Structure formats: structure tokens, C-alpha cells
Amino acid sequence: MRALLSSENNYKGNYYQNYSEKGEPENAPEILA
Amino acid sequence: MARIRAPQFSGKFYPSAKKELQAEISRCFSDKKFGPGGRFEQSDSVIGGIVPHAGYFYSGACAANFYSLLPKDKFRTIVLLGTNHTGKGASLSIGPWEFWETPLGKVPLNVQLAERLSDSELFRQEPLSHFGEHSIEVQLPFLQTVLDRFSILPITVSAGSLGSLERAGKALAEIVGRKKTLFIASSDFNHYEGRPETERKDFFAIESALSLSPEKLLKNISEKDISMCGVLPSALLLQTLSEFGESRGELLKHHISGDVLASGNGNVGYASIAFFRK
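Now for a quick tour of the structure. (Residues numbered from 1 in each chain as written. Chains lettered and ligands numbered in written order. Predicted model: local features only at pLDDT ≥ 70, side-chain atom pairs only at ≥ 80, totals over all residues.)

**Quick notes on the overall build of chain A**
Within chain A, the regular secondary structure consists of 0 helices and 0 strands. Looking at the 33 residues of chain A, the share that counts as buried comes to 15%. (Helix = DSSP H or I, 4+ residues; strand = E, 2+ residues; numbered from the N terminus. Buried ≥ 20, exposed ≤ 12 C-beta atoms within 10 Å, placed from the backbone.)

The structure is reproduced here in C-alpha cells:
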């Protein structure tokens with residue numbers, strides 16, 4: 001299970017490469033949770 | 001009471017136009033970093049899961065890992081155990097609308113089971129806890145995408161001791177049963193801390209959920225100061241599954257919001273967990 005935790009999957013930062021061309025949503029902070 | 005609950009979070013947590021929503025869900029399922037990468041490894045033994053409920057931008061792909069497991073014609077009733085972020089309304093509240101509408105269409109309430117649960121006096125049908133609450137609504141487009149025909153029991157869980165959750169779990173198991181039923185708890189994991197703290201706390205919470213012990217989950221969340229918004233629906237899920245005998249849990253995916261968009265110390269953890277009949 002630990003192997004699936006994010007650090008060990010090398011998810012180290014902001015690289016959401018395959019999101020749509022629109023990029024970051026304007027309301028990003030409001031939809032965090 | 002209106003018969004139909006109109007979408008309250010389309011255009012915010014997920015697209016409001018049907019085609020855009022379908023494209024966004026397709027992106028979630030095909031996402032190779034956070035989602036299932038286009039794989040649909042359907043499981044006949046899946047009985048439940050814990051899925052995140054942030055905007056699809058952040059956690060839609062993570063949630064898709066769970067939804068990709070669902071056979072399209074196996075389930076007829078989906079019990080959706082949601083967080084109650086507003087704290088309003090009944091502690092075990094069934095949304096009373098006959099239909100929940102999304103840009104993909106209308107989802108019917110299982111009226112018969114909703115009434116039987118209300119008769120148990122543990123659950124109440126009332127709208128207040130479902131106003132301004134997104135944790136159940138954001139799951140519906142995924143279900144509409146992967147399932148053929150189904151009804152829902154949308155229940156927010158906002159308070160309760162271990163004893164009351166035990167009673168509620170027994171009632172769900174006895175009244176709803178597991179035949180053609182899927183149980184989903186909607187929860188994000190730790191909130192608004194830096195990466196190391198978020199991952200450390202998420203690990204404890206995920207490990208506790210995988211133990212299948214509602215008592216251990218509640219205890220660890222409290223003792224480790226983990227802000228898991230859906231701890232109560234998740235504990236009720238574990239309690240309900242325990243009534244059906246042995247099952248096993250599997251972590252399908254975990255990541256934090258900072259993996260999607262850097263946010264300093266404001267990270268939220270997301271996990272997709274599936275439970276299977278042994």
C-alpha cells in the first residue's frame with residue numbers, strides 16, 4: 001500500500017500535463033475539497 | 001418539496017454542459033498519472049469504496065480509479081454516504097428528492113428503501129443537510145457514465161458515536177442488504193497542511209480504513225489530528241461492510257492536491273479505495 005502513496009510514486013510537484021488547454025480553473029482554491 | 005434536486009455544483013466542481021462534462025470524465029478515466037489510464041478492470045466482487053469529492057480538476061481522475069472497476073449492469077442501488085460540510089440538518093439525512101439531476105440526466109431515489117430506512121427512526125428524510133453540499137452530487141456523473149440503470153440512497157452523515165454508527169450500519173445491512181447494492185463513502189483526506197504532514201496523516205487514515213475497523217478509523221483520526229472530512233461516512237461504510245462478513249480493502253490511488261497544482265501548505269489528500277467481497 002505504501003508504494004501507492006504519492007511521494008513514492010514520484011509525484012513531486014505541479015505538472016498536471018494532460019489537463020485541458022483551458023488550464024487551471026479560475027475557482028481552483030474553492031474546489032480543493 | 002420539489003421532486004427534483006437541481007445540480008448545485010455544476011460549473012464549479014465539474015462542467016455544466018453535457019459535452020464538456022463527458023469530455024472531462026473521459027479525461028479522468030484516461031489520465032495515466034492520477035487515473036486508471038484508460039483501463040477498465042471490472043470486478044464482480046467489488047462491494048464498496050471511498051472516493052474523493054474535490055473539483056474534478058483536482059480529484060476526478062483519482063475517483064475514476066474506483067469507478068473504472070464497476071460492472072455496468074451489476075448494481076441497482078447505490079448507497080452514497082456523504083460528508084455534511086455545512087453541519088446543518090439531521091445527522092443521518094436522506095435527501096428527499098425523487099430525482100437528482102446532473103447535466104447527464106436524472107438519477108432516481110430508491111423511494112421504497114428511503115422510506116424503510118426512515119421508518120427505522122435512525123435516518124430522516126430532510127433537505128437541509130443536502131443544500132450547499134457537494135460530496136454526493138459530484139459522484140453522480142461518474143455513476144451515470146459507468147452504470148446502466150440504478151437508483152440511489154443519498155445519505156449525509158454528520159454526527160454520531162461509534163454506537164450510533166453501529167446501529168446505522170446494522171440498519172443499512174438489514175434493510176438495504178448487499179444484493180445488487182454498492183456502498184460508497186465520499187471523503188477527502190487530510191486538509192490544508194504541507195506535503196510531509198499531508199502524506200503522513202493520509203497514510204494513517206488510509207491504513208485505518210484498510211483495516212476495515214470503524215473504531216480504529218475514528219480513533220486514529222482523532223488521536224493523529226487528521227482532518228478527514230468524511231471520517232463519519234467512511235466509518236459507517238466500514239461498519240456496514242462488516243455486517244456482511246469478511247471483505248478486503250485495496251488502495252487504488254493516492255495523491256495530494258499539490259501534485260496537481262502547487263499550493264504551498266494548503267494541500268488536501270485524495271485517495272480512491274475499493275472494498276471487495278472475500
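Picking up where we left off.
**Details of the packing of helix H1 (residues 18-30) of chain B against helix H2 (residues 56-67) of chain B**
Helix packing for two helices is described by the angle between their axes and how far apart those axes are. All names here are of chain B. Between H1 and H2, the shortest axis-to-axis distance is 7 Å and the interhelical angle comes to 55 degrees. It follows from the interaxial angle that H1 and H2 lie oblique. Considering how the two elements wind past one another, H1 and H2 form a crossing that is right-handed. Where H1 approaches H2, its residues Glu24, Cys28 and Phe29 are matched on the opposing element by Tyr56, Gly60, Ala61 and Ala64. When grouped by side-chain class, the residues that make up the contact of H1 with H2 number 5 nonpolar, 1 polar and 1 charged. (Axes fitted to C-alpha atoms, helices over the stretch in contact; angles between N-to-C directions. Parallel < 35°, antiparallel > 145°, perpendicular 65-115°, else oblique. Left-handed = near helix turned anticlockwise from the far one by under 90°. Contact = placed C-beta atoms within 7 Å. Nonpolar A, V, L, I, M, F, W, Y, C, P; charged D, E, K, R; others polar.)

**Thoughts on the pairing of strand E3 (residues 77-83) of chain B**
Residues and elements named next belong to chain B. With 6 of 7 residues buried, E3 is to be regarded as a mostly interior element. As paired elements, E3 and strand E8 (residues 151-157) share 7 bridges and run parallel to each other. Pairing of Gly82 across the sheet is with Thr156, part of E8. Where E3 lies against strand E9 (residues 181-186), 5 bridges are found, and the strand directions are parallel. Among the inter-strand pairings, Leu80 is bridged to a residue of E9, identified as Ile184. (Pairing = 2+ DSSP bridges.)

**Examining H1(B)**
With 13 residues, H1(B) extends 18 Å between its outermost C-alpha atoms, agreeing within 8% with the 18 Å of an ideal straight helix rising 1.5 Å per residue. The inward-facing, buried residues of H1(B) contact H2 and helix H4 (140-146) of chain B. (Expected span 1.5 Å × (residues − 1).)

**Some words on the nonpolar core**
Residue and element names in this part refer to chain B. Grouped together as the largest cluster of nonpolar side chains are 89 residues, with contacts concentrated most on Ile78, Val79, Leu80, Leu81, Ile155, Ile184 and Ile273. A per-element tally of this core places H2 first, with 9 residues. Ignoring any residue separated from it by four or fewer positions in sequence, one finds Ile273 in contact with Gly49, Ile50, Ile206, Ala209, Leu210, Gly249, Glu250, Leu251 and Leu252. (Core = buried A, V, L, I, M, F, W, Y, C linked by C-beta atoms within 7 Å.)

**Quick notes on the sheet that holds strand E1 (residues 4-5) of chain B**
Residues and elements named next belong to chain B. Taken together, 3 strands build an open sheet; the order of strands is E1-E5-E6 and the sheet is mixed. Lying at the two open borders of the sheet, with one neighbouring strand each, are E1 and strand E6 (105-108). Sheet topology note: the strand E5 (residues 99-102)/E6 ladder contains 4 bridges and is antiparallel. Its bridge partner lying in E6, Thr102 is registered against Gly105.

**Digging into the environment of B:Phe99**
Residue and element names in this part refer to chain B. Mapped onto the elements, Phe99 comes out in strand E5. For the pair Phe99 and Leu109, spaced 10 residues apart in sequence, the C-alpha separation works out to 5.7 Å. If sequence neighbours within four positions are ignored, Phe99 has contacts with Arg3, Ile4, Lys106, Val107, Pro108 and Leu109.

**Thoughts on the environment of B:Tyr58**
Of note, B:Tyr58 is situated in helix H2. In sequence terms B:Tyr58 and B:Phe13 are 45 residues apart; their C-alpha atoms lie 9.3 Å from each other. Apart from residues no more than four positions distant in its own chain, B:Tyr58 is found in contact with A:Ile31, A:Leu32, B:Ser257, B:Val260 and B:Tyr270.

**Remarks on the environment of B:Gln139**
All names here are of chain B. One can find Gln139 in the loop between strand E7 (124-125) and H4. When the C-alpha positions of Gln139 and Ala63 are compared, they lie 8.5 Å apart, and in sequence the two are 76 residues distant. Gln139 has contacts with Val51, Leu80, Ile184 and Ser186, leaving out every residue within four places of it along the chain.

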